[in-house]
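# Fold and contact review
What follows is the residue order along each chain.
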Amino acid sequence: TKAELATAKERLTDYQSIAKSSEEQLAELTAASKKYKEETTSTLEKLKKSEQGQKEAVADLTKDLMAHRGEKEKAEANLKAQIDSLTVQLTSAKEDATKAIARMDSLASEMKRYQMDSKNAQTNYERELALHAEARSSMRDVRSELASEQALRETAETQLLSAQKDFETEKAALIE
């Protein structure tokens, strides 16, 4: 019926918009995840370079300490302070890296969930599309059957009129 067809069209439109929205959300999430991963990777690279530079600085300072025995106590205190600072920075960098990895895992989990939602929406859309096609096919069959029945009815009416004329002619001939 027209109401069922309208309902099917509304469902089709709804599922198309849901699928498109899911695809857009998935694309946004994927882009955000990729950007976050790139930023995290860049930060980790910088931290590794910084760590290497800091290790080299500690080695240079140690050599200077050996060369300048007269400033041993002062230089030693400075080095200990720098080492403490670098250790704190290294610990902080490791914590940041751990948090970044946890966030990436969370984003990956979220992305899988969105992919599953998108897949479900696509499945529902395809199911509704198949139901719509089936309904259209049924309507075509009913229309074809109706046309056939109308043709049969018209043929029967024509035969009935012909039989009535023949009957009237024979009746008139018998009355005369």
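These numbers were taken from a predicted model, which means no experiment stands behind them. (Residues numbered from 1 in each chain as written. Predicted model: local features only at pLDDT ≥ 70, side-chain atom pairs only at ≥ 80, totals over all residues. Heavy atoms only, no water.)

### Describing the overall build of the chain
- Counting secondary structure elements, the chain contains two helices and zero strands.
- Here the C-alpha atoms of the chain give a radius of gyration of 42 Å, more than 25% beyond the 16 Å that 2.2 N^0.38 yields for 176 residues.
- C-alpha atoms of the chain, sized along the principal axes, occupy 155 × 20 × 15 Å.
- Across the 176 residues in the chain, those meeting the buried criterion constitute 12%.
- Residue pairs in contact within the chain that sit at least 24 positions apart in sequence constitute 83% of those at least 6 positions apart.
- Within the chain, one finds 29 positive and 34 negative side-chain charges whose respective centroids are separated by 9 Å. (Helix = DSSP H or I, 4+ residues; strand = E, 2+ residues; numbered from the N terminus. Rg over C-alpha atoms; globule rule 2.2 N^0.38 Å. Buried < 20%, exposed > 50% of the residue type's maximum accessible area, 1.4 Å probe, protein only. Contact = heavy atoms within 4.5 Å. Lys, Arg positive; Asp, Glu negative; His and termini not counted. Charge placed at Lys NZ, Arg CZ, Asp CG, Glu CD.)

### A look at the pattern of salt bridges
- All chains considered together, the criterion is met by three salt bridges.
- Of the charged contacts in the structure, one is a salt bridge between K55 and E51, with a shortest N-O distance of 3.5 Å. Taken as a pair, K55 and E51 lie in helix α1 (residues 2-67) at a separation of four residues, close to a single helical turn.
- Put simply, R153 and E157 hold a salt bridge, and the shortest N to O gap is 3.1 Å. Within this pair, R153 and its partner E157 are both found in helix α2 (residues 72-175), separated by four residues, close to a single helical turn.
- Taking the relative accessible area as the measure of exposure, E157 reaches 39% and is therefore partly exposed. (Salt bridge = Lys/Arg side-chain N within 4 Å of Asp/Glu carboxyl O.)

### Concerning the packing of aromatic side chains
- Counted by the stated rule, this structure contains zero aromatic pairs.
- It is R113 that lies over the ring of Y114; its NZ or CZ is 5.5 Å from the centre. (Phe/Tyr/Trp six-rings, centres within 6.5 Å; stacked < 30°, edge-to-face > 60°. Lys NZ or Arg CZ within 6 Å of the ring centre and 35° of its normal.)

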